[in-house]
Amino acid sequence: MSSLYERIGGAGAVDAAVDLFYRKVLADGRIARFFDNVNMEDQIAKQKSFLTMAFGGANNYTGQDMRNGHKKLVEKGLNDSHVDAVLEDLESTLRTLGVGDKEVKEVLALANSVRDDVLNR
Amino acid sequence: MARLLYQGEPVPLEAGEDVLTALLSAKIDAPHSCRAGVCQTCIHRVVDGTPPETSQNGLTDAQKKLGYFLPCICVPATDLYIVPAEEIGDSYESVVHEIEYLAPDIVRLSLDHDPDFKYRPGQFIELIANKNLKRHYSIASFQEASDYLELHIKLHPRGQMSKYITEDLKIGSKIYIAGPLGTCIYEGIDPDQPIVMVGAGTGLSPLVGIKREALHRSHRGLMRLYHGARTRSGLYMHDYLEALSKSHSNFDYISCRLDSDVEAERDIASVVLDKETNLTDPTFFLCGGPGLVNRLKHDLYMKGVSLKKIRSDVFVPADRSD
């Protein structure tokens, strides 16, 4: 059985997903404010890193990175509802790209696994 | 055994070791995060040598061409001299060839420089009057077709560099330049696809350079240039660009002027968003103040343009960059 990352299409899938995903996130009124005044190119690189992790790709993304990266946002009110919104946007991105049910569930589980780090709990 | 130089200093490199590990072992405070070539946090630039192709995975064509690479996935096969990505680099002596007023408050400065100083139009340089007076300016000339480095400089009533240029610099004066830096260049562009260039004020400077390179490289797709300024004189290459649009069927020039108190930069963005309906094919070049560039980048992206197809250079006023 090949890995999730291979089944989903590897780096090519991350590339295909990142523009769609970040666009959905910026258009999502529930979370868009957290992305005000960020450098879009830097943010795209970070989103690719996140998607690589969520797609089960080789990554040394640590919980500490997630904590540091979101600390200021938690102070601004980032909570579970916002993580839920991101996961919804991720799911809709995967559906748009025609990713299979099984893989979608695996990706969402991986993405959800960093929830506590993101929310600094 | 490949050798590694960082900012001119040798850094020990074990066989098979990646550059990031070597930098960190040498107590160099290199920013990093994923260590898997994905997040691009550790990006550096090669000033001498060729980074392995695999260490440039995920970077733009312009970044690849200009020697950017990711140290965390770079195991060098040959000697590399590297610097941090935003390091401006060595300085070179240059000599003022010409100072010409393009408008009452815009000067074209042409500099005779060391042929070893290589650049691409759309990049920027640091102009160094003295150690306390340095400013960044974008490049309007195309090196293969011009002996002189051309900069368009907006003069500010109380600007120190403006005063220096207008009062102290003469033809034949020596002045230092450093760089170049920046990735807003004509690289990796399909010659049959459209390019759309949008600039306000002296944001025209890099775009004129990019246009020159595109024409030199026989770009066949449509080239559309939007230039916004508050006054007629601010449209400082109007006649030249208009003539060019008449002589080249695939070059289109659209000027936007506002004399009212409405912010010109906002208006040119609206014109572009209205007029540009093909959002799939063109590569967009956006140059000017943060108000224009960041708004247009956001709006074009949200309308469906891939960020890979948007190249930009934000001009930051000196009082904020100092």
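Residues numbered from 1 in each chain as written. Chains lettered and ligands numbered in written order. Predicted model: local features only at pLDDT ≥ 70, side-chain atom pairs only at ≥ 80, totals over all residues. Heavy atoms only, no water.

*Asks:* What exactly am I supposed to notice about the overall build of chain B here?
*Replies:* Along its length, chain B carries eight helices and 16 strands. For 322 residues, the compact-globule estimate of 2.2 N^0.38 gives 20 Å, and chain B sits close to it at 21 Å. Looking at chain B as a whole, 52% of its 322 residues are labelled buried. For chain B, long-range pairs separated by at least 24 residues make up 69% of all intrachain contacts whose partners lie at least 6 apart in sequence. When the accessible surface of chain B is split by element, carbon and sulfur atoms take 47% of a total near 14,800 Å². Considering chain B, the positive charge centre built from 35 side chains and the negative charge centre built from 44 side chains are found 3 Å apart. (Helix = DSSP H or I, 4+ residues; strand = E, 2+ residues; numbered from the N terminus. Rg over C-alpha atoms; globule rule 2.2 N^0.38 Å. Buried < 20%, exposed > 50% of the residue type's maximum accessible area, 1.4 Å probe, protein only. Contact = heavy atoms within 4.5 Å. Areas by Shrake-Rupley, 256 points an atom, 1.4 Å probe, with all protein chains shown as cover. Lys, Arg positive; Asp, Glu negative; His and termini not counted. Charge placed at Lys NZ, Arg CZ, Asp CG, Glu CD.)

*Asks:* Which parts of the structure should I look at to understand the domain arrangement of chain B?
*Replies:* How large an interface is tends to be reported as the accessible area lost when its parts come together. Split into domains, chain B comes out as domain 1 (4-84), domain 2 (91-181) and domain 3 (195-314). Computed from C-alpha atoms alone, the centre-to-centre distance between domain 1 of chain B and domain 3 of chain B is 34 Å. (Domains from an automatic or database assignment.)

*Asks:* What is the right way to look at the side chain of B:Ser205 in this model?
*Replies:* All names here are of chain B. With respect to the element layout, Ser205 can be found in helix α4 (residues 204-216). The buried category is assigned to Ser205, whose relative accessible area is 1%. Of the polar contacts made by the side chain of Ser205, one reaches the backbone oxygen of Ser138; its length is 3.2 Å. When neighbours within four sequence positions are excluded, Ser205 is seen to be in contact with Ser138, Ile139, Ala140, His152 and Tyr236. (Polar contact = N/O pair within 3.5 Å; in protein donor to acceptor, adjacent residues only side chain to side chain.)

*Asks:* In this structure, what is going on with the packing of helix α2 (residues 10-27) of chain A against helix α7 (residues 290-302) of chain B? I would like to understand it.
*Replies:* Helices that pack against each other are described as a pair by the angle of their axes relative to one another and the distance between those axes. At a minimum axis separation of 10 Å, α2(A) and α7(B) run at an interaxial angle of 110 degrees. Considering the angle they form, α2(A) stands roughly perpendicular to α7(B). Between α2(A) and α7(B) lies a crossing of left-handed hand. Mapping the contact onto sequence places A:Val18, A:Asp19, A:Tyr22, A:Arg23, A:Leu26 and A:Ala27 in α2(A) and B:His298, B:Tyr301 and B:Met302 in α7(B). When the residues that make up the contact of α2(A) with α7(B) are grouped by side-chain class, the tally is six nonpolar, one polar and two charged. (Axes fitted to C-alpha atoms, helices over the stretch in contact; angles between N-to-C directions. Parallel < 35°, antiparallel > 145°, perpendicular 65-115°, else oblique. Left-handed = near helix turned anticlockwise from the far one by under 90°. Nonpolar A, V, L, I, M, F, W, Y, C, P; charged D, E, K, R; others polar.)

*Asks:* What am I meant to see in the interface of chain A and chain B here?
*Replies:* Listed by partner, the interface residues are 19 residues for chain A and 19 residues for chain B. In this assembly, chain A packs against chain B so that about 1,500 Å² is buried in total across both faces, 55% of it on carbon and sulfur atoms. Taken together, the links from chain A to chain B amount to one salt bridge. The closest approach of N and O atoms between A:Glu41 and B:Lys297, which form a salt bridge, is 3.0 Å. Across the chain A-chain B interface, the total number found is seven residue pairs in polar contact (both at pLDDT 80 or more). Those elements that place two or more of their residues in the side of chain A that touches chain B are α2 and α3 (40-54) of chain A. Here the residues of the side of chain A that touches chain B are counted per class, giving nine nonpolar, four polar and six charged. (Buried area = accessible area lost by both parts, 1.4 Å probe. Salt bridge = Lys/Arg side-chain N within 4 Å of Asp/Glu carboxyl O.)

*Asks:* Please explain the environment of B:Ile268 as it appears in this structure.
*Replies:* Residue and element names in this part refer to chain B. Secondary-structure assignment places Ile268 in helix α6 (residues 264-275). Ile268 gets classed as buried once you look at its relative accessible area, which sits at 0%. Between the C-alpha atoms of Ile268 and Ala85, which are 183 residues apart in sequence, the distance is 31 Å. The contact partners of Ile268, leaving out residues within four places of it in the chain, are Val198, Gly199, Tyr226, His227, Gly228, Cys256 and Leu292.

*Asks:* What's the story with the nonpolar core in this structure? I'm lost.
*Replies:* The nonpolar side chains of a soluble globular protein tend to be buried, and buried together. Residues A:Leu51, A:Phe55, A:Leu90, B:Val198, B:Leu296 and B:Leu300 are the most contacted members of the largest nonpolar core, which totals 57 residues. Core analysis: the next-biggest nonpolar cluster, separate from the first, contains 30 residues, B:Val19, B:Ile28, B:Leu66 and B:Phe124 among them. (Core = buried A, V, L, I, M, F, W, Y, C linked by side-chain atoms within 4.5 Å.)

*Asks:* Even after reading the chapter, I still don't get the pattern of salt bridges, so can you show me in this structure?
*Replies:* It is possible for side chains of opposite charge to pair when their charged atoms get near one another. Tallying each qualifying case throughout the model produces 30 salt bridges over all chains. Put simply, B:Lys163 and B:Glu167 hold a salt bridge, and the shortest N to O gap is 3.4 Å. Taken as a pair, B:Lys163 and B:Glu167 lie in helix α3 (residues 160-168) at a separation of four residues, close to a single helical turn. Connected through salt bridges with shared partners, the residues A:Asp80, A:Asp84, A:Arg115, A:Asp116 and A:Arg121 form a single ionic network.

*Asks:* Would you take a moment to explain the sheet that holds strand β5 (residues 80-84) of chain B for this structure?
*Replies:* Within a sheet, adjacent strands bond to each other through the backbone by hydrogen bonds, running parallel or antiparallel. Residue and element names in this part refer to chain B. Strand order in the open sheet made by the five strands is β2-β1-β5-β3-β4, with mixed pairing throughout. In this open sheet, the two strands that pair with only one neighbour each are β2 (9-11) and β4 (68-69). Bridge count for strand β1 (residues 4-6) against β2 is three bridges, and the pairing is antiparallel. Note that in β2 the partner of Tyr6 across the bridge is Glu9. (Pairing = 2+ DSSP bridges.)

*Asks:* Sorry, what's going on with the layout of surface pockets here?
*Replies:* To find leftover empty space, one rolls a probe the size of a water molecule over the atoms. Residues and elements named next belong to chain B. In this structure, the second largest pocket encloses a volume near 750 Å³. Along the walls of the second largest pocket sit 31 residues, with Arg45, Val47, Lys118, Gly179 and Pro180 positioned nearest its centre. Here the residues of the lining of the second largest pocket sort into 14 nonpolar, eight polar and nine charged. A domain-level breakdown of the lining of the second largest pocket finds at least three residues from each of domain 1 (4-84) and domain 2 (91-181). (1 Å grid on protein atoms, 1.4 Å probe; cavity = no way out; pocket = protein on both sides within 12 Å on 5 of 7 lines; lining within 4 Å. Points joined across faces, edges and corners; volume = space filled by probe spheres on them.)

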